[in-house]
Amino acid sequence: MKFYVRTYGCQMNVADSSEMGRHLKAKVLVETQDPDEASVFLVNTCTVRQHAEDRAFSEIGRLRRWKAKRPGRKVVVTGCAAERTKEYLEDRFPFVDLVVGAKSIEDFGRAAERLLDRRETDEELDYALPAIDEKIAAFVTIMRGCNYSCTYCIVPYVRGREIYHSMDQILGEVRDRVSEGAREITLLGQTVNSYRHGQHRFADLLSAVAGVDGVERIRFISPHPYYMTDGVIETMARVPQVCESLHLPVQSGSNTMLKAMMRNYTRGQYVALVEKMRRAMPGMTLSTDIIVGFPGETEDDFRQNLSMIEELQFDWGFIFKYSSREGTPAANLDGFPQELIEERHQRCLEIVDRIALEKRSKFVGTIHDVLIEEGHFGRTRTNYKVHVDSNLMAGEQVSVRITNARRATLEGEVHNGNITFENFREEDGGAGIHTE
């Protein structure tokens, strides 16, 4: 039997999909990238914004015809929207076989086992040994849930309060991912740096993961500014495996809006934190999230977003149009016309894109270590995506001279000392090398 996964939303959902996929592989199912080959179609949903939820529901609706084409097919819906709208999903889509909310992801294995035991026939099953996951950069979930109550956010309601995995469990999963070929580990949590288990804190976890043989790079998302302690910053600067790149959501440059959002810090505190991190890690890259159009945001509040982007010079940013979510405190506030939100969104994007391109342009001619993830693409330690004009294997780490900077990626060629390798591959025990 083969399964196909469609994932909507954040990296936590991507990690959850990988975890559920491993449960299915343990039941001797094989993942496919072609839905027509699949006997199980899993839709992992997102509810953080209405658009993401609507896209997932449209996908689920189309699966009625997919399921009818072959006896024994199963439709599984999981994730945050499944948690928030379980009864609605079951009523609107009666052909769905299993609904697993975000709070129950860790019970997915047992639920899937019960589902597969209900199959009508074994005639459609195509049993085979599961393939080893060869992803070079792997996600490892260290915690679930969130103890914060940001007024715009549905996550605490659909994922629950924070629950932390033990250090032993996390390190065991890291070793598993390394044995499958991973060389870069990204630790995941809703407020990932709030991690605590017994006497262990997040800085201790970073050091422990770095001690696992085979781990060459460590990243983590998404941290909360409040928990970016001196200990975490010192560990990032000291431990060579921890990459000098961070995505640190700020959400607004206005103290009025930050208070209304219940973010528990001020603009000044966020700016001071960024300055401290940049002193500890010169050359680090920083990205962020900003919400525009939050209820009550005046033109002056919005302009403070623009001034903060200019002040902190983010390497890139994700600008979100506020989306009201039923069940959150902000849902009861008066919103803005969509035209105004769209206009502010575009103004923010223009500045973010301009700064990002200016920063990328400065990379041309510089040399960077790039870990090849797939095909011709890899990433620098500072998390820039690079297209490398050479034939390389996934997992290779090479020095690359940047030759061009585009809006989304850098371009480069393999470099070794004074020699640039336009093409390098092992062939019949020799190497074909073409120099400039």
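The numbers attached to residues start from 1 for each chain and follow its sequence in the written order. For a predicted model such as this one, the threshold for reporting local features is a pLDDT of at least 70, and the threshold for listing and counting side-chain atom pairs is 80 or more; totals across whole chains, interfaces and linings nevertheless cover every residue. Only hydrogens and water are removed before side-chain values are computed, so all heavy atoms of the structure are retained for them.

1. Description of the environment of Gly317
Helix and strand definitions follow DSSP, with helices as H or I runs of at least four residues and strands as E runs of at least two, each counted in order from the N terminus. Within the element layout of this structure, Gly317 appears in strand S15 (residues 316-321). Exposure is judged per residue with a 1.4 Å probe applied to protein chains only, and the accessible area is read against the type maximum: over 50% gives exposed, under 20% gives buried, and values in between give partly exposed. With a relative accessible area of 18%, Gly317 lands in the buried category. Residues Gly317 and Asp353 lie 36 residues apart in sequence; the distance between their C-alpha atoms is 8.3 Å. In this structure Gly317 touches Thr288 and Val352, once residues within four positions along its chain are discounted. Throughout, a contact is declared for two residues whenever any of their heavy atoms are within 4.5 Å.

2. Quick word on the packing of aromatic side chains
Stacked, tilted and edge-to-face are the three classes applied to pairs of Phe, Tyr and Trp rings, where Trp contributes its six-membered ring and a pair requires centres within 6.5 Å; stacked means planes under 30 degrees apart, edge-to-face means over 60, and tilted covers the rest. For the structure on display, the rule yields 14 aromatic pairs. Taken together, a centroid distance of 6.0 Å and an interplanar angle of 70° make the contact between Phe93 and Phe95 edge-to-face. The class for Phe93 is buried, based on a relative accessible area of 4%. For the pair Tyr164 and Tyr195, a centre-to-centre distance of 6.0 Å together with 90° between the ring planes defines the contact as edge-to-face. Of this pair, Tyr164 sits in strand S8 (residues 163-164) while Tyr195 sits in the loop between strand S9 (184-188) and strand S10 (196-197), placing them 31 residues apart in sequence. Members of the aromatic cluster, joined through ring pairs, are Phe57, Tyr88, Phe93 and Phe95. Our definition puts a charge over a ring when NZ of Lys or CZ of Arg is within 6 Å of the ring centre and also within 35 degrees of the ring normal. A cation over a ring is seen here: Arg49 above Phe320, with NZ or CZ 3.8 Å from the ring centre. Its guanidinium or amino end placed over the ring of Phe377, Lys385 lies 4.8 Å from that ring's centre, counting from NZ or CZ.

3. Looking at the side chain of Thr288
Note that Thr288 resides in strand S14 (residues 285-292). Here Leu248 takes part through its backbone oxygen, which lies 2.8 Å from a polar atom of the side chain of Thr288. Excluding residues within four positions of it along the chain, Thr288 makes contact with His247, Leu248, Pro249, Val250, Tyr270, Phe314, Trp316, Gly317 and Phe318. For this analysis, a polar contact is any N or O atom pair within 3.5 Å, provided that within protein one partner can donate a hydrogen and the other can accept it, and provided that sequence-adjacent residues contribute only side-chain to side-chain pairs.

4. Quick look at the packing of helix H9 (residues 230-238) against helix H11 (residues 267-280)
Helix axes are fitted to C-alpha atoms over the stretch in contact, other axes to C-alpha atoms as well, and angles between N-to-C directions run from 0 to 180 degrees. Running from N to C, H9 and H11 point in directions that differ by 30°, and their axes come no closer than 9 Å. With respect to their mutual orientation, H9 and H11 come out roughly parallel. Between H9 and H11 lies a crossing whose hand is right-handed. From H9, Asp230, Ile233 and Ala237 reach across to H11, where they touch Leu273, Lys276, Met277 and Ala280. Here is the rule for angles: anything less than 35 degrees is roughly parallel, anything more than 145 is roughly antiparallel, 65 through 115 is roughly perpendicular, and the remaining ranges are oblique. Take the far helix as your reference; a near helix turned counterclockwise from it by less than a right angle gives a left-handed crossing, and one turned clockwise gives a right-handed crossing.

5. Some details on the environment of Thr380
One can find Thr380 in strand S17 (residues 377-380). Of the residues examined, Thr380 reaches a relative accessible area of 1% and is grouped as buried. Linking Thr380 and Val370, residues 10 residues apart in sequence, is a C-alpha distance of 4.6 Å. Among the polar contacts made by the side chain of Thr380, one reaches the side chain of Thr382 at a distance of 2.9 Å.

6. Brief notes about the sheet that holds strand S5 (residues 98-101)
We treat two strands as partners when DSSP finds at least two bridges between them. Here we have 5 strands laid out as an open sheet, ordered S2-S1-S3-S4-S5, and parallel in their pairing. Each edge of the open sheet is held by one strand with a lone partner, namely strand S2 (30-31) and S5. Packing of helix H2 (residues 50-68) onto the sheet brings it into contact with strand S1 (2-7), strand S3 (40-45) and strand S4 (74-79), and relative to S3 it is tilted by some 170°.

7. Here's the deal with helix H7 (residues 167-179)
Under the 1.5 Å per step criterion, the end-to-end length of H7 is 18 Å for 13 residues, consistent within 8% with the ideal 18 Å. Regarding H7, the residues found buried are Met167, Ile170, Leu171, Glu173, Val174, Arg177 and Val178. Relative to the axis of H7, the buried residues are bounded by an arc of 160° and lie together on one face. Relative to its buried face, H7 has exposed residues pointing more than 90 degrees away, namely Asp168 and Ser179. Where H7 is buried, its residues touch helix H1 (11-26), strand S6 (137-141), S9, S10, strand S11 (200-201) and helix H8 (202-210). Phi turns positive one or two residues past the end of H7, at Gly181, with a value near 120°. To estimate the expected span of a helix, count its residues, drop one, and scale the result by 1.5 Å. Here the arc refers to the directions that run from the helix axis out to each C-beta atom.

8. Some remarks on the pairing of S15
Across 6 bridges, S14 lies against S15 in parallel orientation. Note on S15: the bridge partner recorded for Ser287 is Trp316. Note on handedness: a crossover is taken as right-handed if, strands pointing away from the viewer, the path from the first strand over the helix to the second is clockwise. As a crossover connection, the stretch from S14 through helix H12 (residues 299-312) into S15 is right-handed.

9. A few points about the packing of H8 against H9
One way to put it is that H8 packs onto H9 with a least axis distance of 8 Å and a crossing angle of 15°. One way to sum up the angle between H8 and H9 is to call them roughly parallel. Judged by the sense of rotation from one axis to the other, the crossing of H8 with H9 is left-handed. For the pair formed by H8 and H9, the contact residues are Phe202, Ala203, Leu206 and Ser207 on the first element and Gly231, Val232, Thr235, Met236 and Arg238 on the second. Three classes are used: nonpolar for Ala, Val, Leu, Ile, Met, Phe, Trp, Tyr, Cys and Pro, charged for Asp, Glu, Lys and Arg, and polar for all others, with Gly counted as polar. Per-class residue counts for the contact of H8 with H9 are 5 nonpolar, 3 polar and 1 charged.

10. Comments concerning the sheet that holds S6
Strand order in the open sheet formed by 3 strands is S6-S9-S12, with parallel pairing between adjacent strands. The open sheet has two edge strands, S6 and strand S12 (217-221), and neither has a second partner. Each strand of the sheet is rotated relative to its neighbour by a mean of 25°, with strand direction disregarded. As paired elements, S9 and S12 share 5 bridges and run parallel to each other. Following the sheet pairing, Leu187 is matched in S12 by Phe220.

11. As for the pattern of salt bridges
Only one rule defines a salt bridge in this text: a Lys or Arg side-chain nitrogen within 4 Å of an Asp or Glu carboxyl oxygen. Tallied over the entire structure, the rule returns 36 salt bridges. Linking Glu373 and Arg379 is a salt bridge whose minimum nitrogen-to-oxygen distance equals 3.7 Å. The exposure class of Glu373 is partly exposed, given its relative accessible area of 25%. When salt bridges that share partners are traced, they join Glu297, Glu299, Arg303, Glu343, Arg344 and Arg347 into one network.

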